[in-house]
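Tertiary structure, described
Here is how the chains run, residue by residue.
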Amino acid sequence: MKIGIVGIGHIGKSLATKLSAAGHDVKVANSRGPETIGTDVLSSGARAVTAQDAVSNVDVVILSIPPTGIQKIAPLIRAIPEMNVVIDTSNYYPMRDGTIDAIEAGQVESLWVSEQLGRPIVKAWNAIGSGSLAEKGSPSGTPERIAIPVAADREDDRRVGMRLVEETGFDAFDAGSLAESWRQQPGAPGYCTDLTREEMPGALAAADRARLPRRRDLVVAVVQERVGDSKTNPDAEFGVRVARAICL
């Protein structure tokens, strides 16, 4: 498939290298221009382009940017064909992104993103830490393979999203509709806890929507105390241990 990735932070970088290594034609873009994209991101064959080029003439667009960037990219997304699959990996952290009133009032994050973009999306790769995504992928059938929940409203979108998750080295778990994707938001038992396919259904079912913000903020506070700032990611094992202790 032809894939355009906008945003090459920790998650976007891993997706670019993994999906291009899997044989897809991958283009990547950031907010600063293609000349600023490092060779490590392009090591498996991805090509650096502008954001407009990244979403043009592709089958799939992956947005790996904070919610604050969604409205900026929305005009480009509205211009692409309706059949194109748009996958969003973002999560809302108000201490990082600033307050989004609609989400604070209870709107599901994925539905807010879909509303801003004016089209259906797939929610995938948002519920795994960047360290686990980079380091813990394994072949299909591997015992204890980590599962990643995938939510979507259109069946074709869901099929494509789940296929790509599998190709990055994880079991894709059908998490249902976007309206139910709050179950894979920060603070939920299935978020960044590195569960298997067998463990994921129980975790999604156990999610308590009212408790997500407090648990999310508590995980952030513990991690920040460990690493010393709000921008440095903890090592994969520490992040998983904290999420499991607080959210499971």
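Residues numbered from 1 in each chain as written. Predicted model: local features only at pLDDT ≥ 70, side-chain atom pairs only at ≥ 80, totals over all residues. Heavy atoms only, no water.

**Some thoughts on the environment of alanine 206**
Spelled out, the test is: Only runs of H or I of at least four residues qualify as helices and only runs of E of at least two qualify as strands under DSSP, and these elements are numbered from the N terminus. The buried label goes to any residue with under 20% of its type's maximum accessible area, the exposed label to any with over 50%, and the partly exposed label to all in between, with areas taken from a 1.4 Å probe on protein chains only.
On the secondary structure map, alanine 206 appears in helix α9 (residues 200-206). By relative accessible area, alanine 206 is classed as exposed at 52%. Sequence spacing of alanine 206 and alanine 48 is 158 residues, and the spatial spacing of their C-alpha atoms is 41 Å.

**Points about the nonpolar core**
Note the cut-off: Put simply, a nonpolar core is a bunch of buried Ala, Val, Leu, Ile, Met, Phe, Trp, Tyr and Cys residues held in one set by side-chain atoms that sit within 4.5 Å of each other. Note on contacts: a residue pair qualifies if any of its non-hydrogen atoms lie within 4.5 Å across the two residues.
Core analysis: the largest hydrophobic core is formed by 31 residues, its most contacted members being Val28, Ile62, Ile87 and Trp125. Among the elements of the structure, β1 (2-6), α1 (10-21), β2 (25-29), β4 (60-63), β5 (85-88), β7 (147-152) and α8 (155-167) are those that each provide at least two residues to this core. The residues touching isoleucine 62, leaving out its near neighbours within four places in the chain, are Ile3, Gly4, Ile5, Val6, Leu15, Leu19, Ile87, Thr89 and Trp125. Counting 25 residues, the second largest nonpolar core, distinct from the first, contains Ala74, Tyr92, Ile103 and Val113.

**With respect to the pairing of β2**
It is a general feature of regular strands that their side chains alternate between the two faces of the sheet. Under the convention used in this document: Here the term right-handed applies to a crossover when the path leading from its first strand over the helix to its second strand runs clockwise, the strands being oriented away from the viewer. Here, strands pair whenever DSSP counts at least two bridges between them.
Most of β2 sits inside the fold, with four of its five residues counted as buried. Crossover handedness for the path β1 to α1 to β2: right-handed. Of the strand pairs in this sheet, β2 and strand β3 (residues 47-48) are connected by two bridges, and their pairing is parallel. Considered in β3, the bridge of valine 28 is made with alanine 48.

**Focus: the environment of glutamine 52**
Tracing the chain through its elements places glutamine 52 in helix α2 (residues 51-54). Spatially, the C-alpha atoms of glutamine 52 and glutamate 109 are 24 Å apart, while their sequence positions differ by 57 residues.

**A word on α8**
What counts here: Each helix should span, by expectation, one fewer than its residue count multiplied by 1.5 Å.
With 13 residues, α8 extends 18 Å from end C-alpha to end C-alpha; this agrees with the ideal 18 Å at 1.5 Å per step. Among the residues of α8, Asp157, Arg158, Val160, Gly161, Met162, Leu164 and Val165 are the ones counted as buried. Looking one or two residues beyond α8, the residue adopting positive phi is glycine 169, at roughly 105°.

**A word on the packing of helix α10 (residues 212-227) against helix α11 (residues 236-247)**
The condition is simple: Working convention: axes come from line fits to C-alpha atoms, limited for helices to the stretch in contact. Angles between N-to-C directions cover 0 to 180 degrees. In this scheme, a crossing is called left-handed if the near helix is turned counterclockwise away from the far one by less than a right angle; it is called right-handed if the turn is clockwise.
For the pair α10 and α11, the least separation of the axes is 10 Å and the interaxial angle reads 145°. Crossing hand, α10 versus α11: right-handed. Across from Arg215, Leu218, Val219, Val222, Val223 and Arg226 in α10, the residues of α11 making contact are Phe238, Arg241, Val242, Ala243, Ile246 and Cys247.

**Some words on the side chain of aspartate 157**
To be explicit about the condition: Counted as a polar contact is a pair of N or O atoms within 3.5 Å, where, for protein atoms, one must be capable of donating a hydrogen and the other of accepting one, and residues adjacent in sequence contribute only when both atoms are in side chains.
Along the chain, aspartate 157 turns up in helix α8. Within the structure, aspartate 157 has its side chain in polar contact with the side chain of arginine 154 (distance 2.8 Å). The contact partners of aspartate 157, leaving out residues within four places of it in the chain, are Val85, Pro120, Val122 and Ala152.

**Re the sheet that holds β1**
Sheets are built from strands that pair by backbone hydrogen bonding, the pairs being arranged parallel or antiparallel. Strand order in this open sheet of eight strands is β3-β2-β1-β4-β5-β6-β7-β8, and the pairing throughout is mixed. This sheet does not close on itself; its edge strands, each paired only once, are β3 and β8 (171-174). Pairing of β1 with β4 involves four bridges; the strand directions are parallel. Bridge assignment links glycine 4 to a residue of β4, and that residue is valine 61.

**Describing the pattern of salt bridges**
Two side chains bearing opposite charge may form a pair once their charged atoms approach each other closely. Heads up, the condition is: Think of a salt bridge as a Lys or Arg side-chain nitrogen and an Asp or Glu carboxyl oxygen that are within 4 Å of each other.
Applying the stated criterion across every chain, the model contains 17 salt bridges. Linking glutamate 82 and arginine 154 is a salt bridge whose minimum nitrogen-to-oxygen distance equals 3.1 Å. Taken together, the residues span a long stretch of sequence, with glutamate 82 in the loop between α3 (70-78) and β5 and arginine 154 in the loop between β7 and α8 at a distance of 72 residues. By relative accessible area, which is 46% here, glutamate 82 ends up partly exposed. One salt bridge connects arginine 145 with glutamate 166, and the closest N-O pair in it is separated by 2.8 Å. Linking arginine 145 in the loop between α7 (130-135) and β7 with glutamate 166 in helix α8, this pair joins segments that are 21 residues apart in sequence. Judged by its relative accessible area of 4%, arginine 145 is buried. A relative accessible area of 26% places glutamate 166 in the partly exposed class. Taken together, the shared-partner salt bridges in this structure form one network comprising Arg145, Glu166, Asp171 and Arg197.

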